[in-house]
Amino acid sequence: MFLASTLLTHVGKLPLKVQQLGYINRGLKVAVVGSVGGIGQPLSLLLKQNPLISTLSLYDIKNTTGVGVDLSHINTRASVCPFEGKNGLKKAMDKADIVVIPAGLPRKPGMKREDLVDVNASVACEVAFAASEVCPGAMLAFITNPINVIVPIVATILKAKGTYDPNRLFGVTTLDVVRAQTFVADILNVNPQKVNIPVIGGHTGRTILPILSQCDPPYKGTDKEREALIQRIQNAGTEVVNAKDGLGSATLSMAYAAAQFVSSLIKGIKGSKDECIVECAYVESDVTEAEFFATPLILGPQGVKENTGLPDLDDDERQALDCMLPILKESIAKGIKLGEGMMSSCA
């Protein structure tokens, strides 16, 4: 009895890594920053259904209480804790295991993801500062666009604050994989969840590179069909923006993909003897000349367990990679410069 009570008393004082390695059998705290938005609400709904989440913490500028009360009526394990306003961000993120960030301005027709930098960089900066203070060991999963720029901004700030761990910072590119699986499955007339296809690079236009040569089951389209498929995957976000005719960007599909990625992070944290947890994500990388790059990653208790590197590429894919790298490196350089400039403004 004494042992049990002593253990419970000191659980909160144990190092985060010890808790994540499974020595303490507990549910996880996941914070959603931007929980009232078009992605945030369906994402929060999906996360509320995850049995391994014990606390679902919601943050937005306003109207979070209503969303929180609504979600709290769902009969699943996770308790819902809403926070809002200027002082709510740190409270929402306090001691979180995972912070997922869909907050930011969505795209409208005619806009590129890069057009969102000026507005959304401030969101990334605030989250980076809050994470450094209240949850330095958390996995940070950014959805906020443009991911190619946002992730380097956050990395730069975390480095300056002394809390950067490259294995715990992710740009969520899962939607590119989900779209590739869906579009290929439509062509092959198979179950999309049985399609395996890596998507590497970044998360905008030509930096999104689906590796069709490694598709399983095999994709055997003509050169013209292959090019059309690649362009559709690369421009799928714009397809949604145009279809919504000014009323939003990809929200439901992004929420689904983000929930899948968070679920994989949780499985990695909890550890699995029988399953290798693999997701593509945009992370610090040395597999190409680009300092940040998306490739298939094996996830574990500390985040990235192993970067599997570049999959085998055919000649066309190698050429596409060479053409994409200068674009990606320019975005990364911009993010690093912005991060350095924002250190004083966000402090």
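Being a predicted model, the structure only gives us computed values, none of them experimental.

> Quick question: what am I supposed to make of the overall build of the protein here?
Counting its secondary structure elements, the protein contains twelve helices and eleven strands. Within the protein, buried positions represent 52% of all 347 residues. Within the protein, counting contacts between residues at least 6 apart in sequence, those at least 24 apart form 69% of the total. Element-wise, carbon and sulfur atoms account for 53% of the exposed surface of the protein, whose accessible area totals about 16,100 Å².

> It is not clear to me how the packing of aromatic side chains should be interpreted in this structure. Could you clarify?
The geometry of an aromatic ring pair is captured by two quantities: the separation of the ring centres and the angle between the planes. Applying the stated criterion across every chain yields a total of two aromatic pairs. Ring geometry for Phe170 and Phe261: centres 5.4 Å apart, planes at 70°, overall edge-to-face. Here Phe170, found in strand S6 (residues 169–172), pairs with Phe261, found in helix H11 (residues 252–270); they are 91 residues apart in sequence, far enough to count as distant. By the burial criterion, Phe170 is buried, and Phe261 matches it. Centroid distance Tyr282 to Phe292: 6.1 Å. Interplanar angle 40°. Geometry classified as tilted.

> Looking at this model, I keep getting lost on the packing of helix H8 (residues 174–188) against helix H9 (residues 223–234). Mind explaining?
Each packed pair of helices is defined by two parameters, the angle between the axes and the distance between the axes. Relative orientation of the contacting elements H8 and H9 amounts to 145°, with a least axis distance of 9 Å. The crossing of H8 and H9 is right-handed. Here H8 contributes Asp176, Ala180, Phe183, Val184 and Ile187 to the contact with H9, which in turn contributes Leu229, Arg232 and Ile233. Of the residues that constitute the contact of H8 with H9, the class distribution is six nonpolar, no polar and two charged.

> When you look at unusual backbone geometry in this model, what are you seeing that I'm missing?
With glycine set apart, most residues show a phi of negative sign, and most peptide bonds adopt trans. Across the junction of Asn145 and Pro146, the peptide omega takes the value 0°, indicating a cis bond. With respect to the helices and strands, the residue Pro146 is situated in the loop between strand S5 (139–142) and helix H7 (147–161).

> Even after reading the chapter, I still don't get empty space enclosed by the protein, so can you show me in this structure?
Within the structure shown, the criterion is met by two cavities of 30 Å³ or more. Forming the walls of the largest cavity are Ala131, Ser132, Cys135, Pro136, Ala138, Leu140, Leu158, Thr163, Tyr164, Asp165, Arg168 and Leu169. Class assignment of the residues belonging to the lining of the largest cavity gives a composition of eight nonpolar, two polar and two charged.

> What exactly am I supposed to notice about the nonpolar core here?
Soluble globular proteins: nonpolar side chains tend toward being buried together. With 51 residues, the main nonpolar core has Val33, Met93, Val99 and Phe142 as its most contacted residues. Going through the elements one at a time, strand S1 (28–33), helix H5 (88–93), strand S4 (98–101), helix H6 (117–134), S5, H7, strand S10 (292–300) and helix H12 (315–346) are the ones with two or more residues in this core. With eleven residues, H6 is the single largest residue contributor to this core. The residues that make up this core include at least three from each of domain 1 (29–172) and domain 2 (174–328). If near-sequence neighbours (up to four positions away) are discounted, Val33 is found in contact with Tyr59, Leu89, Met93, Val99, Val100, Ile101, Pro102, Ala103 and Val127. Among the nonpolar cores identified, the runner-up in size contains 40 residues, and Val36, Ala78, Phe261 and Ile277 belong to it.

> Can you walk me through a negative patch on the surface in this structure?
A surface patch of like charges, here negative, comprises Asp223, Glu227, Asp315 and Asp316. Secondary structure elements with two or more residues in the negative patch: H9 and H12. Mapped onto the fold, Asp316 is located in helix H12. Look at Asp316 and you get partly exposed, because its relative accessible area is 45%.

> Looking at this structure, I do not really get the pairing of S1. What am I missing?
Across a regular strand the side chains alternate sides, sitting on one face of the sheet and then on the other. Among the six residues in S1, six count as buried, and that is most of the element. Neither face of S1 is exposed, since Leu28, Val30 and Val32 on one face and Lys29, Ala31 and Val33 on the opposite face are all buried. When S1 meets strand S2 (residues 53–60), the two strands line up parallel, connected through six bridges. The residue of S2 that forms the bridge with Leu28 is Ile53.

> Mind showing me how you'd approach the packing of helix H3 (residues 40–48) against H11 here?
Taken N-terminus to C-terminus, the directions of H3 and H11 make an angle of 35°; their axes are 8 Å apart at the nearest point. The chirality of how H3 crosses H11 is right-handed. Contacts between H3 and H11 involve Pro42, Leu43, Leu46 and Leu47 from the former and Leu252, Ala255, Tyr256, Ala258, Ala259 and Val262 from the latter. Residue composition of the contact of H3 with H11, by class: ten nonpolar, no polar and no charged.

> Where do I start with the pattern of salt bridges in this structure?
Opposite charge on two side chains lets them pair, provided their charged atoms get close. Applying the stated rule across the entire model yields nine salt bridges. The partner of Lys159 in a salt bridge is Glu291, and the shortest N-O contact between them spans 3.6 Å. Taken together, the positions of Lys159 in helix H7 and Glu291 in the loop between strand S9 (278–284) and S10 put the pair 132 residues apart, joining distant regions of the chain. Assessed through its relative accessible area of 42%, Lys159 is described here as partly exposed. On the accessibility criterion, Glu291 (34% relative accessible area) is partly exposed. Three or more residues are tied together by salt bridges with common partners; here these are Arg226, Asp314 and Glu317.

> Got a minute to help me understand the confidence of the model for the protein in this structure?
Low pLDDT means the predicted coordinates in that region are not meant to be read closely. Averaged over all residues, the pLDDT of the protein is 90; the fraction at 70 or higher stands at 88%. Low pLDDT, under 50, characterises residues 1–24; the stretch is placed with 23 contacts to residues that sit more than four places away or in other chains.

Rules and cut-offs
Residues numbered from 1 in each chain as written. Predicted model: local features only at pLDDT ≥ 70, side-chain atom pairs only at ≥ 80, totals over all residues. Heavy atoms only, no water. Helix = DSSP H or I, 4+ residues; strand = E, 2+ residues; numbered from the N terminus. Buried < 20%, exposed > 50% of the residue type's maximum accessible area, 1.4 Å probe, protein only. Contact = heavy atoms within 4.5 Å. Areas by Shrake-Rupley, 256 points an atom, 1.4 Å probe, with all protein chains shown as cover. Phe/Tyr/Trp six-rings, centres within 6.5 Å; stacked < 30°, edge-to-face > 60°. Axes fitted to C-alpha atoms, helices over the stretch in contact; angles between N-to-C directions. Left-handed = near helix turned anticlockwise from the far one by under 90°. Nonpolar A, V, L, I, M, F, W, Y, C, P; charged D, E, K, R; others polar. 1 Å grid on protein atoms, 1.4 Å probe; cavity = no way out; pocket = protein on both sides within 12 Å on 5 of 7 lines; lining within 4 Å. Points joined across faces, edges and corners; volume = space filled by probe spheres on them. Core = buried A, V, L, I, M, F, W, Y, C linked by side-chain atoms within 4.5 Å. Domains from an automatic or database assignment. Patch = residues over 30% accessible without salt bridge, like charges linked within 9 Å, V, L, I, M, F, W, Y side chains within 5 Å. Salt bridge = Lys/Arg side-chain N within 4 Å of Asp/Glu carboxyl O. Lys, Arg positive; Asp, Glu negative; His and termini not counted. Charge placed at Lys NZ, Arg CZ, Asp CG, Glu CD. Pairing = 2+ DSSP bridges. pLDDT = per-residue confidence, 0-100.

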